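Topology and contacts: notes
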Amino acid sequence: MRTSDEIVLDVRGLTTVFEVPNARIAAVDDVSLTVRRGETLAIVGESGSGKSVLAFSIMGLVSRPGRIVAGQILLSGRDLAALDEEALRTVRGRDLAIIFQEPSTSLNPLMTVGRQVAEAILEHEPETPYEAAMERVVERFRLVGIPAPELRVHEYPHQLSGGMRQRVMIAMALACGPALLLADEPTTALDVTVQAQVLNLIDNLKARFGMAVVLITHDLGIVADYANRVAVMYAGRKVEEGPTVTILTRPAHPYTQALLACRPDVLRALEGKPLLEIPGVVPPLDRLPAGCAFADRCSRVQDICWTRPPELTDMAPGHRAACFVAAMHIADSAAS
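Residues numbered from 1 in each chain as written. Predicted model: local features only at pLDDT ≥ 70, side-chain atom pairs only at ≥ 80, totals over all residues. Heavy atoms only, no water.

**Considering the overall build of the protein chain**
Selection criterion: What counts as a helix is a DSSP run of H or I of at least four residues, what counts as a strand is a run of E of at least two, and both are numbered from the N terminus. A radius of gyration in this sense is built from C-alpha atoms; the matching globule rule multiplies 2.2 Å by the number of residues raised to 0.38. To sort residues, take the accessible area from a 1.4 Å probe on protein chains only and compare it with the maximum for the residue type: under 20% means buried, over 50% means exposed, and anything in between is partly exposed. In what follows, a contact means two residues having at least one pair of non-hydrogen atoms within 4.5 Å. In these tables, accessible area is a Shrake-Rupley quantity obtained with a 1.4 Å probe, and a residue counts as shielded only by the protein chains included in the view. Neither His nor the chain termini are counted; the positive set is Lys and Arg, and the negative set is Asp and Glu. To locate a charge, take atom NZ for lysine, CZ for arginine, CG for aspartate or CD for glutamate.
Of regular secondary structure, the protein chain possesses twelve helices and twelve strands. Computed over C-alpha atoms, the radius of gyration of the protein chain comes to 21 Å, within 12% of the 20 Å expected from 2.2 N^0.38 for 336 residues, which places it in the range of a compact globule. Over its C-alpha atoms, taken along the principal directions, the protein chain stretches across nearly 70 × 50 × 40 Å. A buried classification covers 49% of the 336 residues belonging to the protein chain. Restricting the contact set of the protein chain to residue pairs at least 6 apart, pairs at least 24 apart contribute 64%. With an accessible surface of roughly 16,000 Å², the protein chain has 53% of that area assigned to carbon and sulfur atoms. Side chains of the protein chain give 33 positive and 40 negative charges; the mean places of these two sets differ by 2 Å.

**Digging into helix 10 (residues 254–261)**
With six of its eight residues buried, helix 10 lies for the most part within the structure. Burial in helix 10 covers these residues: Pro-254, Tyr-255, Thr-256, Ala-258, Leu-259 and Leu-260. Of the surrounding elements, those touching the buried residues of helix 10 are helix 8 (220–226), strand 9 (229–234), strand 10 (237–243) and helix 9 (244–249).

**Some thoughts on the packing of helix 3 (residues 113–124) against helix 4 (residues 130–143)**
Put simply, the rule is: An axis is simply a line fitted to the C-alpha atoms; with a helix, the fit covers only the stretch in contact. Between two such axes, the angle follows the N-to-C directions and lies from 0 to 180 degrees. Note on angle classes: values under 35 degrees are labelled roughly parallel, values over 145 roughly antiparallel, values of 65 to 115 roughly perpendicular, and the remainder oblique. Crossings are assigned a handedness: left-handed for a near helix turned anticlockwise from the far helix by less than a right angle, right-handed for a clockwise turn. Three classes are used, and their members are as follows: Ala, Val, Leu, Ile, Met, Phe, Trp, Tyr, Cys and Pro are nonpolar, Asp, Glu, Lys and Arg are charged, and the others, Gly among them, are polar.
Where helix 3 contacts helix 4, the axes come no closer than 9 Å and their chain directions differ by 115°. Judged on the interaxial angle alone, helix 4 and helix 3 are roughly perpendicular. Pair helix 3 / helix 4 crosses with right-handed handedness. Together, Val-113, Gly-114, Arg-115, Val-117, Ala-118, Ile-121 and Leu-122 of helix 3 and Tyr-130, Ala-133, Met-134, Arg-136, Val-137 and Phe-141 of helix 4 make up the contact between the two elements. When grouped by side-chain class, the residues that make up the contact of helix 3 with helix 4 number ten nonpolar, one polar and two charged.

Rendered as structure tokens:
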């Protein structure tokens with residue numbers, strides 16, 4: 001299905017903090033993004049960049065000492081950030097759903113997988129008879145490619161392979177036909193051959209149901225194959241966003257450029273050369289510098305980079321980056 005103009009998710013100025021002794025850590029800092037029906041937005045960045053906290057914030061699953069302190073999370077126009085826990089429970093699983101990276105920790109080992117998916121349906125549709133819910137579970141299992149679904153619904157998680165457990169989680173996420181699907185590193189725990197199967201499945205189901213998908217990943221190969229647009233996060237902030245082909249071929253932010261340069265290179269490995277890496281580490285979120293958080297790892301750093309955080313600036317239609325150097329280059333190009 002082609003991307004429509006209908007905005008399903010509209011996050012505006014979202015800030016999520018964790019208040020710990022002597023520190024107030026902004027794990028997500030003033031992040032805005034939109035996702036349209038039939039579109040996949042990939043969110044990429046190193047560990048600690050804020051990707052998963054962003055997903056948990058959207059789902060309303062941030063627990064103490066974390067909390068949302070600013071911004072809106074509009075799902076089809078309804079502000080999830082303004083809902084209490086009881087209201088959020090009516091939304092989660094029905095209007096938005098999430099697939100976690102480790103299905104083994106998300107499934108109850110003491111319940112059959114079919115019953116777990118059926119309970120997700122009955123939570124939002126209590127008037128549905130249990131038998132009818134189980135029939136829908138079988139249909140969903142068949143839809144996500146689980147063989148012999150009539151038998152599998154009666155099995156326990158330990159009786160299924162990792163790939164089959166992840167398919168169960170996808171079936172559970174789709175049980176009530178959500179408008180938005182969050183996939184948080186959904187293939188991390190799977191072997192390479194199963195990874196492609198699961199990602200192809202999500203992509204096909206997105207087209208079939210017209211969902212919006214937020215795909216959180218560190219794998220730029222996955223981004224190239226499955227995302228329409230990309231948002232790059234660093235130290236809790238969005239530092240670049242644009243169409244996938246633009247981000248992968250004409251990245252503006254030095255951090256994005258460094259991520260692309262560090263992709264595994266088979267030829268370098270065969271020649272015995274070490275893989276490239278970004279020097280340094282992501283700074284602690286409670287000790288961010290006054291300027292650009294990437295400054296001390298950046299090969300293009302200028303004096304202005306130490307003074308204040310850069311704002312997102314238009315690089316091209318639909319493409320923005322938060323970088324003083326990139327903004328100066330665009331300004332120079334426009335003037336010449």
